[in-house]
Amino acid sequence: MPQILFKVQQVHRLYNHHIPDTYEAEVEVEIINRESGELIQQGTLPVQFNEHGSFPSISHIQKFVPDKKMQTKLLFDIRRYVRKLRPYLQTDDE
């Protein structure tokens, strides 16, 4: 199974969202082969988050990774990553 690395690039507040205090983080994702260290895939995925949880864009994940097992792993790992960082994430304009 490849290794997945995450890094938050930007955080924006979503002013017209139906839930107040909802933000969107642009998370850079790198999928790396564990044995060789070779970069398999790299890109940026949007993840919305608020006080109720973190919500990655499923359609972006499906376009990013074609394999169903990797989609599921990426979905759960990116949710966990943003959920743990949520108290420390601030918008770029603050």
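Residues numbered from 1 in each chain as written. Predicted model: local features only at pLDDT ≥ 70, side-chain atom pairs only at ≥ 80, totals over all residues. Heavy atoms only, no water.

Quick word on the pattern of salt bridges
Throughout the structure, instances matching the rule amount to three salt bridges. The closest approach of N and O atoms between D21 and R13, which form a salt bridge, is 2.5 Å. When its relative accessible area of 43% is taken as the criterion, D21 is described as partly exposed. K73 is the salt-bridge partner of D77, the closest N and O atoms lying 2.8 Å from each other. Highlighted residues: D77 and K73, both in helix α2 (residues 68-85), separated by four residues, approximately one helical turn. For D77, a relative accessible area of 14% translates into the label buried. Assessed through its relative accessible area of 26%, K73 is described here as partly exposed. Via salt bridges that share partners, K73, D77 and R80 belong to a single interconnected network. (Salt bridge = Lys/Arg side-chain N within 4 Å of Asp/Glu carboxyl O. Buried < 20%, exposed > 50% of the residue type's maximum accessible area, 1.4 Å probe, protein only. Helix = DSSP H or I, 4+ residues; strand = E, 2+ residues; numbered from the N terminus.)

Observations regarding the nonpolar core
Soluble globular proteins tend to pack their nonpolar side chains together in the buried interior. Counting 20 residues, the largest nonpolar core has V27, V29 and L74 as the members making the most contacts within it. Those elements giving two or more residues to this core turn out to be β1 (3-14), β2 (22-32), β3 (39-50), α1 (58-64) and α2. With five residues, β2 is the largest single contributor of residues to this core. Residues within four places of V29 in sequence aside, it is in contact with I4, L5, F6, Q41, Q42, G43, L45, F64, L74 and I78. (Core = buried A, V, L, I, M, F, W, Y, C linked by side-chain atoms within 4.5 Å. Contact = heavy atoms within 4.5 Å.)

Some details on the sheet that holds β2
The four strands are arranged β1-β2-β3-β4 in an open sheet whose pairing can be described as antiparallel. The strands lining the two open edges of the sheet, one partner per strand, are β1 and β4 (53-56). Neighbour-to-neighbour, the strand axes of the sheet open up by a mean angle of 30°, direction not taken into account. Inspection of the sheet shows β3 paired to β4 by four bridges, in the antiparallel sense. Bridging across to β4, N50 finds its partner in G53. (Pairing = 2+ DSSP bridges. Axes fitted to C-alpha atoms, helices over the stretch in contact; angles between N-to-C directions.)

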